[in-house]
Amino acid sequence: MFELYLDTADIGQIARFSACLPVHGITTNPSILAKAGIGLTELLPKVTEALGKQGRIHVQVVGESADAMVKEALRLQELPYDIIVKVPATEIGLAAIKQMNARDIPVLATAIYSVQQGFLAALCGADYLAPYVNRIDAIGANGVGVVADLQLLLDRHGVPCKLLPASFKNTQQVLEVLKAGVASITLPVEVASELFAHPSVQPAVNRFTEDWQEAFGRTLSFES
Ligand code: E4P
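Keep in mind that this is a model prediction, so the values were computed, not measured.

Peer 1: Please clarify how the packing of helix α1 (residues 11–20) against helix α3 (residues 40–51) should be interpreted in this entry.
Peer 2: What describes two packed helices is the angle between their axes and the distance between those same axes. Taken N-terminus to C-terminus, the directions of α1 and α3 make an angle of 20°; their axes are 9 Å apart at the nearest point. It follows from the interaxial angle that α1 and α3 lie roughly parallel. Relative to α3, the crossing made by α1 is right-handed. Two secondary-structure elements touch here, α1 through Ile11, Ile14, Ala15 and Ser18 and α3 through Leu43, Lys46, Val47, Ala50 and Leu51. Broken down by class, the residue content of the contact of α1 with α3 amounts to seven nonpolar, one polar and one charged.

Peer 1: What is the right way to look at the nonpolar core in this model?
Peer 2: The tendency in soluble globular proteins is for nonpolar side chains to be buried as a group. One finds Val87, Met100 and Leu129 to be the most contacted residues of the largest nonpolar core, which totals 60 residues. For Leu129, the contacting residues outside a window of four places in its chain are Ala109, Ile112, Gly118, Ala121, Ala122, Leu150, Leu154, Cys161, Lys162, Leu163, Leu164 and Pro165. Counting eight residues, the second-largest nonpolar core is a separate cluster that includes Ile84, Leu108, Tyr132 and Leu164.

Peer 1: I would appreciate a short explanation of the pattern of salt bridges in the present structure.
Peer 2: For side chains bearing opposite charge, pairing can occur when the charged atoms are close. Tallying each qualifying case throughout the model produces six salt bridges. Salt-bridge contacts for Asp82 lead to Arg56; the nearest nitrogen and oxygen are separated by 2.9 Å. With Asp82 in strand β4 (residues 82–88) and Arg56 in strand β3 (residues 56–60), this pair connects stretches of sequence that are 26 residues apart. Judged by relative accessible area, which is 25%, Asp82 ranks as partly exposed.

The rules behind each value
- Throughout, a residue's number is its position along its own chain's written sequence, starting from 1.
- Per-residue local features of the predicted model are confined to residues with pLDDT of at least 70, and side-chain atom pairs are confined, for both listing and counting, to 80 or more; whole-chain, interface and lining totals are unaffected and use all residues.
- Note: side-chain values were computed over all heavy atoms of the structure, leaving out hydrogens and water.
- The angle between two axes is taken between their N-to-C directions and runs from 0 to 180 degrees, where each axis is a line fitted to C-alpha atoms and a helix contributes only its stretch in contact.
- Helical segments are the DSSP runs of H or I of at least four residues, strand segments are the runs of E of at least two, and each set is numbered from the N terminus.
- Throughout this description, any angle smaller than 35 degrees is read as roughly parallel, any larger than 145 degrees as roughly antiparallel, any in the 65 to 115 degree range as roughly perpendicular, and the remainder as oblique.
- Left-handed describes a crossing in which the near helix is turned anticlockwise from the far one by less than a right angle; the clockwise case is right-handed.
- The contact criterion used throughout is that any non-hydrogen atoms of two residues lie within 4.5 Å.
- Classification convention: Asp, Glu, Lys, Arg as charged; Ala, Val, Leu, Ile, Met, Phe, Trp, Tyr, Cys, Pro as nonpolar; all other residues, Gly among them, as polar.
- Joining through side-chain atoms within 4.5 Å is the link that ties buried Ala, Val, Leu, Ile, Met, Phe, Trp, Tyr and Cys residues into a set, and such a set is a nonpolar core.
- When a residue's accessible area, from a 1.4 Å probe over protein chains only, is under 20% of the maximum for its type it is buried; when over 50% it is exposed; and in between it is partly exposed.
- We count a salt bridge whenever a side-chain nitrogen from Lys or Arg sits within 4 Å of a carboxyl oxygen from Asp or Glu.

What follows is the structure, encoded as structure tokens:
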């Protein structure tokens, strides 16, 4: 089943979107937690309150060696939450991913800027890959193209790894990666809001209300 995530640690926004969308979980990174001014001890129970026990939470390691990352991942796995360990797909990170894979720790390889880098992370055993669509566009490359090519390679080689594209600045980027057949996506709050903000929608709804009230006043449909 397709997995929709929010790329935020803002509890108010998580509660807002979980009321109207099938939110599978959230993705975080050290910058997101620092910006929200919230640590995991406070965040994890609040996310569970907003999304239910099944809410999946992607948490990035901050250790700087492969051993430190693996130790951190093991501690994260002891917590009573559905946590996926995010590991930057650097040389050290890939070494950590191989070790985590051997210990059956679920991993998302993050900070993916190229097809080759992402494919290697998948071969090392990552369960998810997070290509950074807008950040790739911002350095003059093609974020959607990286996602599409990665999906092609995963499919061609039958690698059991899901793409979870991240870093979006507009809804067109979202549409394009969905068309590439990704299994999951994480949306910043601003972009998730824009998905509802097509300028023609509210005027259409307003027109229905006006027409109805002109003919039937304040009665409800079943009262007419
Ligand atoms: C998520 O996994 C990434 O850490 C994050 O989406 C990066 O997004 P940004 O480019 O908007 O910071």
